[in-house]
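# Analysis of the macromolecular model
Below, each chain spelled out in residue letters.
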Amino acid sequence: MTMQGAPDPESEQGRVGAEPGRTHVSAAGLRARGWTDGIVRRLLGEPDRLSAHPRFRSAPWTRMYRVERVEAAEQSAEFRSGAAFRSGVAFRSGAAFAARRSGAVRKAAGRRGREAVARRRREVLARILAEPIDVPRMDAGELARRAVEHRARREREATASTAGIAGTANALGAPSTLSPPRSPSPPHTDPASLDRWKVDYLRHRLSPYDELLEGLSSREGRGRAAALLRQRILAAIAEAYPELVEECERQVRNQQLGPPAGEISAHSD
């Protein structure tokens, strides 16, 4: 039995090259217009003609449907309701896919960000642990003199700052309740205070090591890195000046840096 409209294999009239333009729509063209195979079978049935591939004669015949029949079927309620349903499904599927993809991208970016932060923190901590701390050496008398001068300079700066605040308060008509700090008196300074000033002075001399913290934000653990650096500096001071071990340990405790864990000692490295 020969299908209605089936081409004669020996006739060029059945070939695609001989097909009149825009008079027929292929199965692929129907899919592009929103048709499914099931709707094609229900609304169009058998193709109006079959066409061979223009280059590959061994390829399967292409089903072709007259444009008039296709357009008429597309006006039917069944096709329109099916097209609306398919469009909604496609939109929801596309939206869900986009949402999943967006969420996956955000998660991947967040994971990469956290990994970068952790890597940066590890690098800085490793550099702080590996950096040798070179403490300036001097005899006890010279260290005491410089420590007292450093303390006096800091108190002069504090006095100037206090005077500036008091001047601002007076200019605004408010009474000043701040009194300038007293200048240190070396001959009568108690040993504990002098040791504290010595350690403070040495820490000031070692402040260039703060460059190890550059580029590290609070989010990346700058506070922890700064605490580790201070602990290493105090350990180095204690090693260079064994008589200051007790003061170094006290500063570690007061700054809540954790127990010295063997680092703050006259023999630590």
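So, how was this worked out
- Note that residues are indexed from 1 along each chain, following the sequence as it is written.
- Local features in a predicted model are, by the rule used here, given only for residues with pLDDT of at least 70; side-chain atom pairs are given and counted only at 80 or more, and totals for whole chains, interfaces and linings are based on all residues.
- Based on all heavy atoms of the structure, the side-chain values leave hydrogens and waters out of the count.
- Only strands joined by at least two bridges in the DSSP assignment are considered to pair.
- Numbering of helices and strands starts at the N terminus; helices are DSSP runs of H or I of at least 4 residues and strands are runs of E of at least 2.
- Axis definition: a line fit to C-alpha positions, over the contact stretch in the case of helices; interaxial angles, taken between N-to-C directions, run 0 to 180 degrees.
- If an angle is under 35 degrees, it is roughly parallel; if it is over 145, roughly antiparallel; if it lies from 65 to 115, roughly perpendicular; otherwise it is oblique.
- Two helices that cross are described as forming a left-handed crossing if the nearer one is turned anticlockwise from the farther one by less than a right angle, and a right-handed crossing if clockwise.
- In what follows, residue pairs with any heavy atoms lying within 4.5 Å of each other are defined as contacts.
- Here the nonpolar group is Ala, Val, Leu, Ile, Met, Phe, Trp, Tyr, Cys and Pro; Asp, Glu, Lys and Arg are the charged ones; every other residue, Gly included, is treated as polar.
- Planes of paired rings set the category: under 30 degrees apart is stacked, over 60 is edge-to-face and the rest tilted, where pairs are Phe, Tyr or Trp rings (Trp by its six-membered ring) whose centres lie within 6.5 Å.
- Take the buried Ala, Val, Leu, Ile, Met, Phe, Trp, Tyr and Cys residues and link them wherever side-chain atoms come within 4.5 Å; each set so joined is a nonpolar core.
- The buried label applies to any residue whose accessible area, calculated with a 1.4 Å probe on protein chains only, is under 20% of its type's maximum; exposed applies above 50%, and partly exposed to all values in between.
- Cavity and pocket criteria rest on a 1 Å grid covering protein atoms alone: a 1.4 Å probe that fits but cannot get out defines a cavity, protein on both sides within 12 Å along at least 5 of 7 lines defines an open pocket, and an atom within 4 Å of a point defines a lining residue.
- Grid points are joined across faces, edges and corners, and a volume is the space filled by probe spheres set on the points.

### So, the sheet that holds strand S3 (residues 62-66)
Taken in spatial order, the 3 strands make up an open sheet running S1-S3-S2, and their pairing is antiparallel. One side of each edge strand has no neighbouring strand; the edge strands of this open sheet are strand S1 (24-26) and strand S2 (49-51). Between one strand axis and the next, the sheet turns by 40 degrees as a mean value, whatever way the strands run. Sheet topology places S1 next to S3; 3 bridges connect them, and they run antiparallel. What sits directly across from Ser-26, in S3, is Met-64.

### Regarding the packing of helix H6 (residues 191-205) against helix H7 (residues 222-240)
In contact at an axis separation of 10 Å, H6 and H7 are set at 120 degrees when each is read in the N-to-C sense. On the basis of their axis angle, the class for H6 and H7 is oblique. When the axes of H6 and H7 are compared, the crossing they make is right-handed. Contact residues: Val-199, Leu-202 and Arg-203 in H6; Arg-230, Ile-233, Leu-234 and Ile-237 in H7. Class assignment for the residues of the contact of H6 with H7 results in 5 nonpolar, no polar and 2 charged.

### Thoughts on the packing of aromatic side chains
Counted under the stated rule, the structure contains 1 aromatic pair. Look at Trp-35 and Phe-79: their rings are 4.6 Å apart centre to centre, the planes differ by 40 degrees, and that puts the pair in the tilted class. Here Trp-35, found in the loop between helix H1 (27-32) and helix H2 (37-43), pairs with Phe-79, found in helix H4 (residues 77-130); they are 44 residues apart in sequence, far enough to count as distant.

### A closer look at the nonpolar core
Counting residues in hydrophobic clusters, the biggest one holds 35 residues, and the most contacted among them are Ile-128, Val-135, Leu-202, Ile-237, Tyr-241 and Leu-244. Per element, the largest residue contribution to this core is 10 residues, and it comes from H7. Ignoring sequence-local partners within four residues, the contact set of Tyr-241 consists of Val-135, Pro-136, Arg-137, Met-138, Leu-143 and Leu-202. The next biggest cluster of nonpolar side chains, apart from the first, holds 11 residues, and it includes Val-25, Leu-30, Ile-39 and Val-67.

### Some remarks on the layout of surface pockets
Counted as a void, the largest pocket has a volume near 240 Å³. For the largest pocket, the full set of lining residues is His-150, Arg-154, Asp-200, Arg-203, His-204, Ser-207, Asp-210, Leu-213, Ala-226, Leu-229, Arg-230 and Ile-233. A class-by-class count of the residues in the lining of the largest pocket yields 4 nonpolar, 3 polar and 5 charged.

### Focus: the packing of H6 against helix H8 (residues 245-254)
Between H6 and H8, the shortest axis-to-axis distance is 9 Å and the interhelical angle comes to 75 degrees. Classified by the angle their axes make, H6 and H8 are roughly perpendicular. Where H6 approaches H8, its residues Ala-192, Asp-195, Arg-196, Val-199, Asp-200 and Arg-203 are matched on the opposing element by Glu-247, Cys-248, Arg-250 and Gln-251. Of the residues that constitute the contact of H6 with H8, the class distribution is 3 nonpolar, 1 polar and 6 charged.

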